[in-house]
Amino acid sequence: MGNVRAGSPATGCGGFSMDAVELLQRLIRFDTTNPPGNELGCQQFIRGLLEGAGLTVGFHAATPDRPNLLARLPGRGEAPPVLWYGHVDVVTTAQQTWTVPPFEGRLQDGMVWGRGALDMKGGVAMMLTAILRAAAAGFRPPGDLVLALVCDEETGGEKGAQFLADTHPGLFAGIRYAVGEFGGCTTMVGGQRFYPIQVAEKQMCGLRATVRGPAGHASIPAPGGTMARLGRFLQRIDARALPVHVTPVARRMLGTMAATIGGLPGLLLRQVLRPATTDLVLRLLGARGRDLFPLLRHTAVPTLLQGGLKYNVIPSEATVVLDGRILPGFAPADLLAEVRAVTGDLADLEVIRFQPGPPATDLAWFPTLAGILRELDPTGTPVPLMLSGATDARFLARLGIQTYGFLPMRLPPDFAFARVIHAADERIPVEALAFGVEALSRLLRHGPPR
Ligand SMILES: [Zn+2]
């Protein structure tokens with residue numbers, strides 16, 4: 001666990017006296033529910049802390065009430081700059097039943113409760129505590145540390161990371177490596193403690209399928225027309241999974257897990273990496289298998305349907321939008337070809353939205369991050385992680401920056417991360433917060449790979 005505890009005040013000459021717990025409580029009290037976000041007050045509060053510690057801080061905003069914060073902790077000039085980034089907006093608490101007020105920031109039962117405790121004001125509090133302590137102690141990292149705290153992550157990042165990457169690329173000059181969400185939290189698999197560090201994510205690739213048939217008066221049935229073809233199209237998409245592709249990240253992630261778990265369960269997990277047995281094993285793995293399914297193939301899931309203009313007219317056309325997700329290293333043409341192979345000539349397919357990820361995963365910094373986690377928890381196993389969803393990392397990837405999801409939290413075995421994040425009674429153990437502060441403080445001493 002190391003010697004820095006979240007509950008202890010910072011030491012050092014600069015006089016930063018707020019601990020990570022108190023800082024997180026203060027952050028939670030700003031209601032930054034997005035939409036609408038309202039991140040200004042929270043960002044001004046953070047700006048005050050950073051400027052008080054002597055850091056240079058700038059606001060860069062698409063709209064004045066929703067600034068993104070950029071700060072720089074000067075380094076010794078011995079290494080290129082690195083980026084730490086996070087978001088200060090949170091998801092809604094609407095239609096959720098909380099047992100504590102979600103924006104009170106209550107400290108209870110050894111945990112800080114409230115919206116954003118995990119996603120990701122907890123992570124922001126860890127980063128800020130590590131940086132403010134370093135600044136207070138006069139510590140300089142090998143290279144500059146750039147901190148970016150953005151708005152608008154939870155609804156897509158248009159005014160946050162996307163805005164910064166599109167309009168202020170110069171702020172990130174020279175940066176090749178970053179840490180952000182999502183990763184570094186304890187995950188129990190097969191009785192073993194793992195620390196997945198996100199290094200890759202799937203690429204968003206929306207498709208539109210247009211189904212056509214003869215129009216006519218609806219008083220005269222026309223079997224096999226637009227609606228019938230639409231039904232067959234949807235059934236085929238539902239019934240047939242796209243082919244398995246084992247990417248290098250998936251191979252390393254699942255291979256390491258299988259070797260660590262060992263025995264028969266480890267042997268079983270390893271068979272997931274053989275396309276001939278993938279689907280059989282995924283079924284045997286139950287809920288865990290459903291989580292792994294999208295990491296081993298492209299997906300295309302129908303989400304929007306449009307067709308017909310009038311009650312008594314058989315439509316000549318109907319469209320389905322599919323939320324498509326492509327594995328890293330592949331392109332939209334790969335997804336189109338695979339969906340066509342499943343649906344034949346039932347529909348015309350086109351790409352309507354593609355947000356490319358990085359061309360390849362750069363794992364050069366992984367050993368450093370994994371080493372820090374092993375120091376702090378020698379019996380846990382860090383593994384690289386691919387995320388089925390998308391994060392702000394995709395915008396920074398356009399600037400050539402490789403993100404590592406690294407907000408370390410050692411969580412007790414009964415702490416169900418997936419059921420707490422974005423849910424009612426979101427909370428974070430104080431010990432997990434301390435673990436993260438210590439891990440990030442150690443990371444400050446390392447420069448990026450050269
Ligand atoms: Zn988040």
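Thresholds applied
Residues numbered from 1 in each chain as written. Predicted model: local features only at pLDDT ≥ 70, side-chain atom pairs only at ≥ 80, totals over all residues. Heavy atoms only, no water. Helix = DSSP H or I, 4+ residues; strand = E, 2+ residues; numbered from the N terminus. Rg over C-alpha atoms; globule rule 2.2 N^0.38 Å. Buried < 20%, exposed > 50% of the residue type's maximum accessible area, 1.4 Å probe, protein only. Contact = heavy atoms within 4.5 Å. Areas by Shrake-Rupley, 256 points an atom, 1.4 Å probe, with all protein chains shown as cover. Lys, Arg positive; Asp, Glu negative; His and termini not counted. Charge placed at Lys NZ, Arg CZ, Asp CG, Glu CD. Polar contact = N/O pair within 3.5 Å; in protein donor to acceptor, adjacent residues only side chain to side chain. Domains from an automatic or database assignment. Pairing = 2+ DSSP bridges. Axes fitted to C-alpha atoms, helices over the stretch in contact; angles between N-to-C directions. Parallel < 35°, antiparallel > 145°, perpendicular 65-115°, else oblique. Left-handed = near helix turned anticlockwise from the far one by under 90°. Nonpolar A, V, L, I, M, F, W, Y, C, P; charged D, E, K, R; others polar. Donors = N, O, S within 2.8 Å, 3.2 Å for Na, K, Ca; no water. Tetrahedral: all angles 85-135°; square planar, octahedral: opposite > 155°, others 65-115°.

*Asks:* I'm lost on the overall build of the chain in this one. Help?
*Replies:* What the chain contains, in helices and strands, is 14 helices and 18 strands. Its C-alpha atoms give the chain a radius of gyration of 24 Å, within 12% of the compact-globule value 22 Å for 450 residues. A buried classification covers 55% of the 450 residues belonging to the chain. Residue pairs in contact within the chain that sit at least 24 positions apart in sequence constitute 79% of those at least 6 positions apart. For the chain, the computed accessible surface area is about 18800 Å², with 55% contributed by carbon and sulfur atoms. Each charge class in the chain was averaged separately, 43 positive and 38 negative side chains, and the resulting centres sit 5 Å apart.

*Asks:* Looking at this structure, how should I read helix α1 (residues 20-28)?
*Replies:* It helps to recall that an α-helix has 3.6 residues per turn; residues three or four apart then point in one direction. With respect to burial, α1 is a largely interior element, seven of its nine residues being buried. Along α1, the residues that are buried comprise Ala20, Val21, Leu23, Leu24, Gln25, Leu27 and Ile28. Against α2 (40-52), β4 (107-108), β5 (111-113), α3 (121-136), β18 (427-429) and α14 (430-444) lie the buried residues of α1. In this structure Asp19 caps α1, since a side-chain oxygen of it lies 2.9 Å from the backbone nitrogen of Val21.

*Asks:* Any chance you could explain the domain arrangement of the chain here in plain terms?
*Replies:* How big an interface is tends to be reported as the loss of accessible area on association of its parts. With domains assigned, the chain is organised as domain 1 (20-182 + 391-444) and domain 2 (201-355). With centres defined by C-alpha atoms, the gap from domain 1 to domain 2 works out at 34 Å.

*Asks:* Can you help me understand the pairing of strand β16 (residues 381-387) in this one?
*Replies:* Consecutive side chains along a regular strand alternate between the two faces of the sheet. Most of β16 sits out of view: seven of its seven residues are buried. Residue alternation in β16 divides its side chains into two sets, Thr381, Val383, Leu385 and Leu387 and Pro382, Pro384 and Met386, and both sets are buried.

*Asks:* What should I look at first to understand the pairing of strand β17 (residues 402-405) in this one?
*Replies:* Here β17 shows a buried face lined by Gln402 and Tyr404 and a second buried face lined by Thr403 and Gly405. Where strand β7 (residues 177-180) lies against β17, four bridges are found, and the strand directions are parallel. Residue pairing across strands places Tyr177 opposite Gln402, the latter belonging to β17.

*Asks:* Would you explain the packing of helix α11 (residues 366-376) against α14 in this entry?
*Replies:* Helix-helix packing is characterised by the crossing angle of the two axes and by the distance between the axes. Contact geometry of α11 with α14 gives a least axis separation of 10 Å together with a crossing angle of 135 degrees. The orientation of α11 relative to α14 falls into the category oblique. Handedness of the α11/α14 crossing: right-handed. Touching Thr368, Leu369, Ile372, Leu373, Glu375 and Leu376 of α11 are Phe435, Glu438, Ala439, Arg442 and Leu443, all from α14.

*Asks:* Looking at this model, I keep getting lost on the packing of α1 against α2. Mind explaining?
*Replies:* Running from amino to carboxyl end, α1 crosses α2 at an angle of 150 degrees, the nearest separation of the two axes being 10 Å. Here α1 is positioned roughly antiparallel relative to α2, judged by the angle of their axes. On α2, the residues touching Leu23, Arg26 and Leu27 of α1 are Cys42, Phe45, Ile46 and Leu49. Split into classes, the residues belonging to the contact of α1 with α2 amount to six nonpolar, no polar and one charged.

*Asks:* Looking at this structure, I do not really get the coordination of the zinc ion. What am I missing?
*Replies:* Octahedral metal centres with six donors ideally show angles of 90 or 180 degrees, and tetrahedral centres with four donors ideally show 109.5 degrees. The protein atoms that coordinate the zinc ion are His87 (NE2), Asp119 (OD), Glu181 (OE) and Glu181 (OE), at distances spanning 1.8 to 2.4 Å. Taken together, the four donor atoms coordinating the zinc ion and their angles of 56 to 152 degrees define a geometry best described as irregular. Look at where the donors of the zinc ion fall in the sequence and you get H-x31-D-x61-E. With a gap of 94 residues between them, His87 in strand β3 (residues 82-87) and Glu181 in the loop between β7 and β8 (187-189) connect regions that are remote in the sequence. Since its relative accessible area comes to 13%, Glu181 is described here as buried.

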